[in-house]
Amino acid sequence: MTATLDATARARAARKRRPAAPRGERLASAFLHLELLVVAIIVVFPLLWIVGASFSPGDGLMDAEPVPDGATLDHYVSLFTETDYGRWYLNSLYVAVLNTVGSVVLSALCGYVFSRIRFKGRKAGLLGILILQMFPTFLTAIAVYMLFLNFGLLDSLTGLALVSIAAALPYNTWLMKGYTDNLPASLDEAAAIDGASRWTIFVKIVLPLMRPMLTFVAITQFTMPWMDFILPALLLQSPEKQTVALGLFAMIEDVYQNAFTTFAAGAVILAVPITVLYIVLQRYLVTGASAGAEKG
Amino acid sequence: MRTAHKGGLPAPVPGLASALVWGAGQLLNRQAGKAAFFFAFFAALIGWEIGTGNYYAGMDYDARGNGGFFVKGLWGLFTLGTQPRQMTVTGLTDGDNSIVLMANGLIALLTLALLAIVWVWSIRDALGHRRARNAGAPHETSRAYFKRVWEGAFAYIVLSPGLVLIVFMSVLPVLFGILVAFTDYNRDNLPPKNLVNWVGFENFATVFAVPSWTATFLGVLGWTFVWAVVATATTYAAGFLQAVLLANRKVRFPRVWRSVFLLPWAVPGIVSALVFRSMFNGQFGPISQWLMDIGLTDERVYWFTDPSHPNLARGVALLVNLWLGFPFFMALVGGVLTNIPDSYYEAARMDGAGPLQQLRHITFPVVHRTVSPLLILAFVSNFNNFGVIYFLTQGGPDNADYRFAGSTDLLITWLFNLTLDNRLYNIGAVMSMLIFVIVGTISVWNLNRSKAIREL
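Quantities reported herein were computed from a predicted structural model and do not represent experimental measurements. (Residues numbered from 1 in each chain as written. Chains lettered and ligands numbered in written order. Predicted model: local features only at pLDDT ≥ 70, side-chain atom pairs only at ≥ 80, totals over all residues.)

## Details of the overall build of chain B
Within chain B, the regular secondary structure consists of 19 helices and two strands. Here the C-alpha radius of gyration of chain B, 32 Å, is well above what a compact globule of 456 residues would show, namely 23 Å. For chain B, the spread of C-alpha atoms along the three principal axes comes to 100 × 80 × 35 Å. Counting the 456 residues in chain B, one finds 37% classified as buried. Across chain B, every contact between residues at least 6 apart in sequence was considered, and the portion connecting residues at least 24 apart equals 61%. (Helix = DSSP H or I, 4+ residues; strand = E, 2+ residues; numbered from the N terminus. Rg over C-alpha atoms; globule rule 2.2 N^0.38 Å. Buried ≥ 20, exposed ≤ 12 C-beta atoms within 10 Å, placed from the backbone. Contact = placed C-beta atoms within 7 Å.)

Written out as structure tokens, the structure reads:
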């Protein structure tokens, strides 16, 4: 990470020292910025369009304008007065919080144990979670659905959160283990010589050092339930147990697109916090994702 | 050999005793605490079976009527029920629910497997302890033994909550899913109305031998591969290009551009996919409208619903995926680029290499070496990219040659339709296994090349 920062600093310094550019270079620079501008427009336009749609007067898809005349907040109001959006939002929040806490705690514990302790069955355990991690969540989801269906366990948000935690646990454990492997073991050893128990070493020494990976797992597991569709679609049924993703999908399923602008308002409320979170914490997210590839 | 005190039983005797009654061997070894520990498991097993079963003196034993959790569970797993629901004079009788029986049987089997570990432990302990004693080792009290075990068990205690969660939420469903592939559990045969039966490899034969199924499977599989390869290649190429352009020193405000380009990655995928679905809506969507307004087409384009243009839908889906996917690679490659030392480029310039040659011989190899493991990961996740296809096209346009699949359906969305909308659970389970074999093979191959597995 420090190497990255150094390099950017160096690049910035180099940019300042730049002498006046000759004509050929200025042309190249113009083309370069033109390309960036075109890509930026392609990137931003759909997002601008949906934000515009959420403020457009009228209900249908045809009424959606990127920059609406007579912008209105009506759809945001009706989202909370005429649909169950508030309830869906709280449901998603509940699952997200449970999923984050469960995933972070369990994967940190398991990752620490697999990384630092040599015990019987360690290798078999690591291989086992590796195989489980290859099994797409979705395939287990269908079996979970059949099981829950026959045992009358469907329609529980807590059940959904538990299934989500279990589904992501192998991968997250693998990430945590890989990260802990790279932490210096000398600290643990020194503490062990001072008589600290394994638990104390974990909580006081290793856990604080794991923070970047904890952050990564926390963000990904917090945002996942907001976007996840398959698991909730399979496991939740009653109207008061829907999540935001299910509710929004149902809104847009309407063939005549008569609630499109209200959908747009819901989509904006869903997207804004997550987008801000991702942009602000992008460094953690990109590093975490590449660490997953190196280790997994 | 020196025989120890207390008679010196030969080692297999306590071992055998523990095999029959758990803990008996430990009692012979004069280790009451240990004996009680192992016997507790034995008693729990027997007690659970008798308590949940229907055992009484002079009964006519039959697993269905009298068996407890374990016996009935295993019976159910083997037979999947024998008594269908029937109409009698007293009304509808309760038949056997095959799926509940199968799941219960699986739970019983898993529990037995866990208990078998304790059983083997007790036998080996009885055997080993007596053998050590016969060889002259000092007697170890049960208390000392358990203290020793407890200290070594930190790892297991900490792992146990995760293990229990994974066994019941992942392993059990996976096993259950595998079993369903060998049954006739589908919409024509739903418990509790009907009994489900074991059918062996019949479902696999169906997928590979019934022409319409085979055609669908091969068609969808082919498109899934094309999709995964093209989607990965295009997002990587575009991400690489943007990263290299952004790293150029001539760019003003690189941070601002970077943040803008990261937006598609930061916005939740479901929202973006649904937005594009609306923009490409055939009847009301704005894109057709604009194309008509500027005179490119005379009539509306039904992007995802026109069966005569399946490749149009596929192409648009790939373009939307490109929009969604390039920022991630851009961010990754950007990170790698800042770590390439300037001296590499300076040396290249001194040797007279132009910008393109520098790109080809320095930038590309360095980046590719770092990013290539992620490419495999990206390939696998594109292979199973449920989100884009399901939200964007719902598999459409319809394909008359396919069974329950449209032209853009990937294996995973087809599977979703088979299971949820069409309740063909058995065929769905076969498909799941096939996807797992394909994805698993690719992942294992990838893993074998990485250092992670060797460092295990």
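## Description of the overall build of chain A
Secondary structure summary: chain A contains 14 helices and zero strands in total. When the helices and strands of chain A are read in sequence order from the N terminus, they spell out α-α-α-α-α-α-α-α-α-α-α-α-α-α.

## Remarks on helix α7 (residues 157–181) of chain A
Residues and elements named next belong to chain A. Taking 1.5 Å of rise per residue, 25 residues should cover 36 Å, and α7 covers 35 Å from first to last C-alpha, within 8% of that figure. The principal kink in α7, of about 45°, is found at Leu169, preceding the proline Pro170 by one to four residues. The buried count for α7 comes to 20 of 25 residues, which makes it a mostly enclosed element. (Expected span 1.5 Å × (residues − 1). Bend = angle between axes of the 7 residues up to and from the residue.)

## Concerning the UniProt feature "transmembrane region" (unreviewed entry) in chain B
All names here are of chain B. The residues that UniProt annotates with the feature "transmembrane region" (unreviewed entry) are residues 35–57, 99–121, 153–182, 225–247, 259–280, 316–340, 374–393 and 424–447. Between the C-alpha atoms that bound residues 259–280 the distance is 26 Å, and the span itself is 86% helix and 0% strand. The span residues 424–447 shows a helical share of 96% and a strand share of 0%, and its end C-alpha atoms are spaced 34 Å apart. (UniProt positions renumbered as here; feature names shortened; annotations may be inferred.)

## A short note on the interface of chain A and chain B
The partner chain B presents 72 residues to the 77 residues of chain A that form the contact. The element contributing the most residues to the side of chain A that touches chain B is helix α2 (residues 23–55) of chain A, with 13 residues. Residues that form the side of chain A that touches chain B fall into these classes: 59 nonpolar, 11 polar and seven charged. (Nonpolar A, V, L, I, M, F, W, Y, C, P; charged D, E, K, R; others polar.)

## Here's the deal with the UniProt feature "transmembrane region" (unreviewed entry) in chain A
Residues and elements named next belong to chain A. As recorded in UniProt, the sites labelled "transmembrane region" (unreviewed entry) are residues 27–51, 93–114, 126–147, 153–171, 214–235 and 255–281. In this annotation, residues 27–51 is assigned 100% helix and 0% strand; the end-to-end C-alpha distance for the span is 35 Å. Within residues 153–171, the helical portion is 79% and the strand portion 0%, while the C-alpha atoms at the span's ends are 26 Å from each other.

## As for the nonpolar core
Grouped together as the largest cluster of nonpolar side chains are 164 residues, with contacts concentrated most on Leu248 and Ala267 of chain A. Viewed by domain, this core spans two of them, domain 1 (12–200) and domain 2 (205–449) of chain B, each represented by three or more residues. Setting aside chain neighbours within four positions, we find Ala267 of chain A in contact with Ile50 and Leu248 of chain A together with Val271, Leu274 and Val275 of chain B. Counting six residues, the second largest nonpolar core, distinct from the first, contains Ala17, Ala24, Leu28 and Ala126 of chain B. (Core = buried A, V, L, I, M, F, W, Y, C linked by C-beta atoms within 7 Å. Domains from an automatic or database assignment.)

## Some points on helix α6 (residues 98–134) of chain B
With 37 residues, α6 of chain B ought to run about 54 Å at 1.5 Å a step, and its terminal C-alpha atoms sit 53 Å apart, in line with that. Positive phi appears at Gly136 of chain B, one or two residues downstream of α6 of chain B, with a value of about 100°.

## What about the packing of helix α9 (residues 202–209) of chain B against helix α10 (residues 211–247) of chain B?
All names here are of chain B. At a closest axis distance of 5 Å, the pairing of α9 and α10 adopts a crossing angle of 75°. Taken together, the axes of α9 and α10 lie roughly perpendicular to each other. From α9, Thr206, Val207, Phe208 and Ala209 reach across to α10, where they touch Trp213, Thr214 and Phe217. (Axes fitted to C-alpha atoms, helices over the stretch in contact; angles between N-to-C directions. Parallel < 35°, antiparallel > 145°, perpendicular 65-115°, else oblique.)

## Observations concerning the UniProt feature "domain: ABC transmembrane type-1" (unreviewed entry) in chain B
UniProt annotation of "domain: ABC transmembrane type-1" (unreviewed entry) refers to residues 221–446 of chain B when read in the numbering used here. Taken end to end, residues 221–446 of chain B comprises 73% helix and 0% strand; its first and last C-alpha atoms sit 21 Å apart.

## Describing the domain arrangement of chain B
Residues and elements named next belong to chain B. In terms of domains, chain B is made up of domain 1 (12–200) and domain 2 (205–449). Tallying the contact residues gives nine residues for domain 1 and nine residues for domain 2. Among the residues making up the side of domain 1 that touches domain 2, the classes are represented as four nonpolar, three polar and two charged.

## What to know about unusual backbone geometry
The residue after Gly396 of chain B, namely Pro397 of chain B, is reached through a cis peptide bond having omega 0°. Along the chain, the position of Pro397 of chain B falls in the loop between α17 (386–392) and α18 (411–421). The phi dihedral of Asp155 of chain A falls on the positive side, at around 75°, and the residue is not glycine. You can see Asp155 of chain A is positioned in the loop between α6 (137–151) and α7. A positive phi angle, near 60°, is found at Leu80 of chain B, a position not held by glycine.

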